[in-house]
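Structural features, examined
So the chains spell out like this:
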Amino acid sequence: MPDPALLARLSAAVDANFDAEVAFLADLVRFPSTRGNEAPLQDWLARQFAARGYAVDRYTLAEVPLAAHPKASPMVGVRPEDSVQVVATHRAKDPAGRSLILQGHIDVVPEGPAEMWTHPPYAATIRDGWLYGRGAGDMKAGVAAMVFAMDAIRAAGLEPAADVHIQTVTEEESTGNGALSTLLRGYRADAALIPEPSGGRITRCHTGTLWFRLRVRGVPVHVAVAQTGTNAILSALHLVQALQRHTAALNQAAKAHPWYRDVPDPIKFNPGIIRGGDWASSTPSWCEVDCRIGLLPGTDVAEAQRGVENCIAEAARGDAFLANNPPQVEWHGFLADGYVLEPGSEAERILAAAHEQVFGEPMGERRSTAVNDTRFYGLYFGIPGLCYGPRGEGSHAFDERADLAHLKKTTLSIAAFIADWCGVRPRAAAG
């Protein structure tokens, strides 16, 4: 772990830069970087990184061979050429330490009705030690922490003794293809740290996620004779109820899972978007429902897909109309595995020591029922994937917010981790 004198230097640097860090986070939040609209923020970040002297690689998902990789997920509703990724690299001369990837996503989920927020969703309002806004917690505070952890090392007159790749990616909320693209682009390291809003805990494991779209047809008639036609929305509801029963069965089986047996109902199913019908007085002839369902680590994605498809097919066979007009299932986003960070890695040990130095207590752990990008590093590329970041509340909800006091401590914790993992040396003269 960093010696007390080094930790004191880093702490002073974090303190001195913290107003700038909060302003940086506020700037991040003011960009409405919903899916397909991330490029302005990514261009701003590329300029921020270039001003810090990093080598900057800005590219789009159209420039990497995603389709050739078995763990890429289908992208529906956004063009790969519009999805911008940024990698900023600190290159160590004569590297002596262990290399590191710091990665955060800058895509955010839609904000919903703005009038239902206490503060405007992109105003970055600060009140009572919290910064409010869509993406403030998930995960722009984490992005600020990793950027300013590196800034603190520099402000202390030091630099990492190994290569560090600072990555801002998209598609984390829908496919994970942004994280995968950095690996297909050739970026590797001895460990990866993703500062998602974990409240200073290590994410021991996360579930996987599948996205799919149900398409149901119906026979439209005037509602006065509704019994002579069919209602596609009600047919879709019949299938959703079947999927709820399927999920309940999966959660019953989850009670035997080594990592999730003590987590109540870890498999989450959600019908998140519904569209259908053309007229209030006509039975609807069509309905689409976009759904999300989880899967446990160790469950094969194809097996989970078959479970969903078999559930829908069985429910359709029990309906007179659907039996002869089978619903369609389109896989249109996440096809994501679950992941377990097995205890005992050197990277986790060093992170835990840094956390305890800064927070004065042992680093806890969490078992997440949502997905994150660590799976790409840990499962497919043999890179320990650490998910550890500041405290946030209200992810995907109204009044999402980031805890600024916790952010400051987390920034120092990450800086201390970088210093120990990568090693530090006196900063080389500019130029």
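Above: the structure in question.
The following paragraphs examine the structure supplied in this document. (Residues numbered from 1 in each chain as written. Predicted model: local features only at pLDDT ≥ 70, side-chain atom pairs only at ≥ 80, totals over all residues. Heavy atoms only, no water.)

**A word on the packing of helix H1 (residues 4-30) against helix H10 (residues 404-422)**
When two helices pack together, their arrangement is given by the angle between the helix axes and by the axis-to-axis distance. Filter applied, for reference: Angles here are taken between N-to-C directions and fall from 0 to 180 degrees, while the axes themselves are lines fitted to C-alpha atoms, restricted in helices to the stretch in contact. Strands are runs of DSSP state E lasting at least 2 residues, helices are runs of H or I lasting at least 4, and numbering of each runs from the N terminus. Here is the rule for angles: anything less than 35 degrees is roughly parallel, anything more than 145 is roughly antiparallel, 65 through 115 is roughly perpendicular, and the remaining ranges are oblique. Put simply, a crossing is left-handed when the front helix is turned counterclockwise from the back one by less than a right angle, and right-handed when it is turned clockwise. By definition in these notes, contact holds between two residues if any of their heavy atoms fall within 4.5 Å. Residue classes follow a fixed rule: Ala, Val, Leu, Ile, Met, Phe, Trp, Tyr, Cys and Pro count as nonpolar, while Asp, Glu, Lys and Arg count as charged, and any other residue, Gly among them, counts as polar.
For the pair H1 and H10, the least separation of the axes is 9 Å and the interaxial angle reads 130°. Between H1 and H10, the angle falls in the class oblique. Here H1 runs over H10; the crossing is right-handed. Where H1 approaches H10, its residues Leu-6, Leu-7, Leu-10, Ser-11, Val-14, Asp-15, Phe-18, Glu-21, Val-22 and Leu-25 are matched on the opposing element by Leu-404, Leu-407, Lys-408, Thr-411, Leu-412, Ala-415, Ala-416 and Ala-419. Considering only residue class, the contact of H1 with H10 consists of 13 nonpolar, two polar and three charged.

**A short note on the packing of H1 against helix H3 (residues 136-155)**
Between H1 and H3, the least distance of the axes is 8 Å, while the angle of their chain directions is 145°. Relative to H3, H1 is oriented so that their crossing is right-handed. Seen from H1, the contacting residues are Leu-10, Ala-13, Val-14, Asn-17, Ala-20, Glu-21, Phe-24, Leu-25, Leu-28 and Val-29; seen from H3, they are Ala-136, Lys-140, Ala-141, Val-143, Ala-144, Ala-145, Val-147, Phe-148, Asp-151, Ala-152, Ile-153 and Ala-155. Tallied by class, residues from the contact of H1 with H3 come to 18 nonpolar, one polar and three charged.

**Focus: the environment of Arg-349**
Within the secondary structure layout, Arg-349 lies in helix H8 (residues 346-359). In the structure, Arg-349 is positioned 152 residues away from Pro-197 in sequence and 20 Å away in space, judged by C-alpha atoms.

**Some details on unusual backbone geometry**
Cis geometry is adopted by the peptide bond preceding Met-139, which originates at Asp-138 and carries an omega value of -10°. Note on placement: Met-139 falls in helix H3. Located in the positive-phi region is Ala-124, a residue other than glycine, with phi close to 55°. Summarising the element assignment, Ala-124 is placed in the loop between strand E3 (100-105) and strand E4 (125-127).

**Considering the packing of aromatic side chains**
Put simply, the test is: In summary, the pairing rule links any two rings of Phe, Tyr or Trp, Trp by its six-membered ring, whose centres are within 6.5 Å, and it sorts them by plane angle into stacked for under 30 degrees, edge-to-face for over 60 and tilted for everything else. Here's how the labels work: a residue is buried when its accessible area is under 20% of the maximum for its type, exposed when over 50%, partly exposed in between, all with a 1.4 Å probe on protein chains only. Put simply, a charge is over a ring when the Lys NZ or the Arg CZ is close to the ring centre, within 6 Å, and near the line of the ring normal, within 35 degrees.
Within the structure shown, the criterion is met by nine aromatic pairs. Measuring from ring centre to ring centre gives 5.4 Å for Phe-24 and Trp-44, while their planes differ by 40°; the resulting arrangement is tilted. A residue pair is termed long-range when its members are at least 10 positions apart, and Phe-24 in helix H1 and Trp-44 in helix H2 (residues 39-51) qualify at 20 residues. Residue class for Phe-24 comes out buried when judged on its relative accessible area of 4%. Aromatic pair Phe-212 and Trp-331: ring centres 5.4 Å apart, planes at 55°, arrangement tilted. Highlighted residues: Phe-212 in strand E10 (residues 208-217) and Trp-331 in strand E13 (residues 328-336), separated in sequence by 119 residues. Cluster of aromatic residues (ring-pair linked, three or more members): Phe-24, Phe-31, Trp-44 and Phe-148. Over the face of the ring belonging to Trp-421 we find Arg-98, whose NZ or CZ atom lies 4.2 Å from the ring centre. The positively charged end of Arg-154 is found above the aromatic ring belonging to Tyr-54, 5.5 Å away from the centroid.

**What about H10?**
Going by this rule: By this rule, a helix spans an expected 1.5 Å times one less than how many residues it contains. Pairs of N or O atoms within 3.5 Å make up the polar contacts considered here, provided that, within protein, one atom can donate a hydrogen while the other can accept it, and that residues adjacent in sequence are counted only when both atoms are side-chain atoms.
Here H10 is 19 residues long and its end C-alpha atoms lie 26 Å apart, about the 27 Å a rise of 1.5 Å per residue gives. The opening residue of H10 is Asp-403, an N-cap whose side-chain oxygen sits 3.2 Å from the backbone nitrogen of Ala-405. With its phi angle positive at about 75°, Gly-423 sits one or two positions after the end of H10.

**A short note on the pairing of strand E7 (residues 164-169)**
Stated formally: When DSSP locates at least two bridges between a pair of strands, those strands are taken to pair.
Burial analysis of E7 places six of its six residues in the buried class, which makes it a mostly covered element. Here E7 shows no split at all, with Val-164, Ile-166 and Thr-168 on one side and His-165, Gln-167 and Val-169 on the other all buried. Here strand E2 (residues 84-90) runs beside E7; their pairing, made up of five bridges, is antiparallel. Its bridge partner being in E7, Val-87 is matched across the sheet by Gln-167. The pairing of E3 with E7 spans six bridges and is classified as parallel. Its bridge partner lying in E7, Gly-104 is registered against Thr-168.

Shape is all these values report; function is a separate question.
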